[in-house]
Amino acid sequence: MVDHATDIGRASAARSRILDTATNLFYSEGVHAVGIDRIIAEAGVAKATFYKYFPAKDELVRAYIQNQSRQGRAMIDKISARSARDSILAIFDLVADAAAQPGYRGCPFLNAAAEYPDPSHPVRQAIDEHRQWKRDLLRGLLVADGSSDSETTADILTVASDGLLIASHLDRPANLRRLILETVLQILGPLADK
């Protein structure tokens with residue numbers, strides 16, 4: 001009797017090993033700096049297994065971006081806040097949490113976007129999907145917070161987030177958490193009368 005569940009488990013374990021290995025290497029060294037042969041060797045899979053799941057490197061890079069997006073969304077889903085404003089502040093607090101991690105090299109989306117400048121490329125489209133999701137999330141929270149111009153404020157928060165992510169990697173400011181809080185509070189302004 002053939003155990004299909006075991007075969008599926010092995011298949012998904014191999015795919016996960018490839019994606020986990022690629023994630024570590026892409027984030028720490030850059031997407032274009034890491035070759036497929038190295039990913040195959042470090043993941044401990046056969047070349048045929050790699051190509052079964054990822055027929056081209058760009059498909060692996062897209063899967064990496066989509067996985068980073070899923071992880072980011074899951075972290076934001078765990079936020080438990082009393083108000084929309086508190087949720088916005090908690091989302092930005094995640095930047096400080098990330099920057100405090102050993103091996104932090106900035107935002108994986110911004111890093112990959114720098115390596116894929118063509119906006120029509122599938123990797124870049126995956127990055128844009130994540131960024132649109134985050135913009136929409138902020139916009140919805142801003143509406144709930146009583147923002148008079150949630151569209152513009154969501155765009156400003158997105159630009160500020162990009163800058164904070166870059167500064168947290170390049171400058172590593174000791175006061176990053178306070179800098180993030182002050183930036184967001186200045187953008188949000190005083191609480192609207194409800």
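Definitions and cut-offs
- Residues numbered from 1 in each chain as written.
- Predicted model: local features only at pLDDT ≥ 70, side-chain atom pairs only at ≥ 80, totals over all residues.
- Heavy atoms only, no water.
- Helix = DSSP H or I, 4+ residues; strand = E, 2+ residues; numbered from the N terminus.
- Buried < 20%, exposed > 50% of the residue type's maximum accessible area, 1.4 Å probe, protein only.
- Contact = heavy atoms within 4.5 Å.
- Areas by Shrake-Rupley, 256 points an atom, 1.4 Å probe, with all protein chains shown as cover.
- Lys, Arg positive; Asp, Glu negative; His and termini not counted.
- Charge placed at Lys NZ, Arg CZ, Asp CG, Glu CD.
- Phe/Tyr/Trp six-rings, centres within 6.5 Å; stacked < 30°, edge-to-face > 60°.
- pLDDT = per-residue confidence, 0-100.
- 1 Å grid on protein atoms, 1.4 Å probe; cavity = no way out; pocket = protein on both sides within 12 Å on 5 of 7 lines; lining within 4 Å.
- Points joined across faces, edges and corners; volume = space filled by probe spheres on them.
- Nonpolar A, V, L, I, M, F, W, Y, C, P; charged D, E, K, R; others polar.
- Salt bridge = Lys/Arg side-chain N within 4 Å of Asp/Glu carboxyl O.
- Expected span 1.5 Å × (residues − 1).

(A) A look at the overall build of the protein chain. Tallying secondary structure elements over the protein chain gives nine helices and zero strands in all. Taking all 194 residues of the protein chain together, 39% fall into the buried category. Residue pairs at least 24 apart in sequence account for 66% of intrachain contacts in the protein chain once pairs closer than 6 positions are excluded. A total of about 10700 Å² of accessible surface is found on the protein chain, and carbon and sulfur atoms cover 55% of it. Positive and negative charge centroids in the protein chain, built from 23 and 25 side chains respectively, lie 4 Å apart.

(B) Fine view of the packing of aromatic side chains. Taken as a whole and assessed by the stated rule, the structure comprises three aromatic pairs. On the basis of an interplanar angle of 70 degrees and a centroid distance of 5.4 Å, the ring pair of phenylalanine 26 and tyrosine 64 is categorised as edge-to-face. Placement of the pair is phenylalanine 26 in helix 1 (residues 4-29) and tyrosine 64 in helix 4 (residues 57-77), with a sequence separation of 38 residues. For phenylalanine 26, a relative accessible area of 3% puts it in the buried group. Ring geometry for phenylalanine 50 versus phenylalanine 54: centroids 6.0 Å apart, planes at 45 degrees, classification tilted. Phenylalanine 54 shares its class with phenylalanine 50; the two are buried. Among the aromatic residues, ring-to-ring pairing joins Phe50, Tyr51 and Phe54 into one connected group.

(C) Molecular detail of the confidence of the model for the protein chain. Of all residues in the protein chain, 93% attain a pLDDT of 70 or more, and the chain-wide mean is 91. Low pLDDT, under 50, characterises residues 2-8; the predicted model gives this stretch one contact beyond four residues in sequence or across chains.

(D) How the structure looks around the layout of surface pockets. Volume-wise, the largest pocket comes out at about 770 Å³. Ranked by the residues each element gives to the lining of the largest pocket, the list is headed by helix 4, at seven residues. Partitioned by chemical class, the residues of the lining of the largest pocket number 15 nonpolar, 11 polar and five charged.

(E) Main features of the environment of valine 31. Mapped onto the secondary structure, valine 31 falls in the loop between helix 1 and helix 2 (36-43). As for valine 31 and proline 108, which are separated by 77 residues in sequence, their C-alpha atoms are 10.0 Å apart. Look past the residues within four positions of valine 31 in its chain and what remains in contact with it is Phe26, Lys57, Val61, Glu115 and Tyr116.

(F) Spatial organisation of the pattern of salt bridges. All told, the structure shown has 13 salt bridges when counted by the stated rule. Arginine 38 is the salt-bridge partner of glutamate 29, the closest N and O atoms lying 2.6 Å from each other. With relative accessibility at 35%, the residue glutamate 29 sits in the partly exposed group. For arginine 139, the salt bridge identified is with aspartate 136, shortest N-O distance 2.6 Å. Residue arginine 139 and its partner aspartate 136 are both found in helix 7 (residues 122-145); the two are separated by three residues, about one turn of the helix. Members of the salt-bridge network, linked through shared partners, are Glu29, Arg38 and Glu42.

(G) Quick look at helix 4. Helix length check: helix 4, at 21 residues, gives a terminal C-alpha distance of 30 Å against a target of 30 Å (1.5 Å per residue), a fit within 8%. Restricting attention to buried positions, one finds in helix 4 the residues Lys57, Leu60, Val61, Ala63, Tyr64, Ile65, Asn67, Gln68, Ser69, Gly72 and Ile76.

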